[in-house]
Amino acid sequence: MSRAGRRTICVVTGSRADYGYLRPLMRLAAADPGCLLQVVVTGMHLWPAFGDTWREIEADGFGIDQRVALPFTGTGALDVAGCVGAAVPLLAAAFQRLEPDFVVLLGDRYETFAAALGALFARVPVAHLAGGDVTEGAFDEALRHGITKMAHLHFTTNERSSRRVVQLGEDPARVFTVGATSLDDLLREPPMPRAELERELGFTFLARNVLVTYHPVTLDPTPPATQCAELLGALDDLGAGKELGVVCTAPNADTGGLDILALLERWAAGRPGILVRKSLGMRRYFGALAAVDAVVGNSSSGIYEAPSFKVPTVDIGARQRGRMRAASVLHCAPGRAAIADAVGRALALDCSQVVNPYGDGQASGRILAALKAEPDPQALLMKRFFDLPGEGGHV
């Protein structure tokens, strides 16, 4: 191992979406005398339009070793493409300076894809979390599988995803089924009490409440704001702000994300029973999950975390299509009437016996143990394609 016998682990986070999944692993690595944690912050964390969420990382007690600021010109297709192009050399330079044993990446976002490319060019092995999942409605699916091909160790959330990673040609010996790291914090600390949450948010929950996050469906030709308007219309039909309290978190910086955020803010203006926040932070977000009666939208959180709170989820449209899901997750088409019907059914659903299929809340310990056990990370760099049985072999 390098750095006086310590395993140097560089975690890259580009948004609140991946930070919540990486935080439990970061906490374990920071507390382990056999590890040196490095933190690289980039993407949405550093963009004021999305809440300056880098502050949450520091508030959690982590030092930031490198801020990699990316150009933010908007959320159009060319804006996103330009951001990726700018990110690759900047992240490669950060990895060359920090010289970690591993770069740890999670998921499927475009800045994560850029980080994988940067690590590839900087000759730093990549440990990829949550590969092999399927999300048919977004270009994130292709980015996730692309990251898999640039990664060297794979930590998946479930057995199906592990099989897909192997199907992509990855050596089964480098694929570990560990569960979803986001569940680890659920065992560590209780959610924020409802009264405290109300004080911090300046919001009073009503008799029935929903937590809403709606991201652009990037492979759908319908404009994202048009899709989101169907959701808001459905919530109005159910008495949003009057009979139904609504807490909304902002979308990611995907194509059309700012259009959705502007729509949400206009819709909520002057309505005390509706709250829109760019970011709740993890503790407040988990507190909201515990306080509401349903999760509505198309965020992976409704599939990964909500079942552990015994809260039903209404998953709208194609963005998360293909993911394994608990019995508490109801899928519906992205039309106003279908959404209103699904939310009504969710509010009446008993989820007290639901089992979360994404693990036992011990994923981070398994990941850290595997990273520490690897005898020579550099030896992982030269990969061979693993052929499935009956598919031939190397010549």
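Each value, and the rule that gives it
Residues numbered from 1 in each chain as written. Predicted model: local features only at pLDDT ≥ 70, side-chain atom pairs only at ≥ 80, totals over all residues. Heavy atoms only, no water. Helix = DSSP H or I, 4+ residues; strand = E, 2+ residues; numbered from the N terminus. Buried < 20%, exposed > 50% of the residue type's maximum accessible area, 1.4 Å probe, protein only. Contact = heavy atoms within 4.5 Å. Disulfide = S-S within 2.5 Å. Pairing = 2+ DSSP bridges. Axes fitted to C-alpha atoms, helices over the stretch in contact; angles between N-to-C directions. Right-handed = clockwise from strand over helix to strand, strands pointing away.

> Would you explain the overall build of the chain in this entry?
Secondary structure summary: the chain contains 15 helices and 13 strands in total. Referenced to the eigenvectors of the C-alpha coordinate spread, the extents of the chain come out at roughly 65 × 45 × 40 Å. Within the chain, buried positions represent 59% of all 395 residues. In the chain, 70% of the contacts between residues at least 6 apart in sequence involve partners at least 24 apart.

> Would you mind showing me how to read the state of the cysteines here?
By definition, a disulfide links the sulfur atoms of two cysteines through a covalent bond. Tallied over the entire structure, the rule returns zero disulfides. Unpaired in terms of disulfides, Cys-332 finds its nearest cysteine sulfur in Cys-228, a separation of 13 Å. Sulfur of Cys-351: no disulfide; nearest cysteine sulfur belongs to Cys-332 and is 15 Å away.

> I tried to follow the sheet that holds strand S5 (residues 126–129) on my own but got confused; where do I start?
Sheet strands pair via backbone hydrogen bonds, and the direction of the pair is either parallel or antiparallel. Overall, parallel pairing links the seven strands, which are arranged S3-S2-S1-S4-S5-S6-S7 in an open sheet. If you trace the sheet from one side to the other, it starts and ends with strand S3 (66–68) and strand S7 (175–177), each paired once. Pairs of neighbouring strands in the sheet enclose a mean axial angle of 20°, with direction left out of account. As judged from the three bridges shared by S5 and strand S6 (residues 153–156), these two strands associate in the parallel manner. The residue bridging Ala-127 from the neighbouring strand is Leu-153, located in S6.

> Honestly, the pairing of S5 in this entry has me stumped. Any pointers?
A regular strand places its side chains on the two faces of the sheet in alternate fashion. Of the two faces of S5, the one carrying Val-126 and His-128 and the one carrying Ala-127 and Leu-129 are both buried. Where strand S4 (residues 102–106) and S5 come together, four bridges link them in parallel fashion. Within the sheet, the bridge partner assigned to Leu-105 lies in S5 and is His-128. In this fold, S4 hands off to helix H5 (residues 110–122), which returns the chain to S5; that crossover is right-handed.

Keep in mind these values describe shape, not function.
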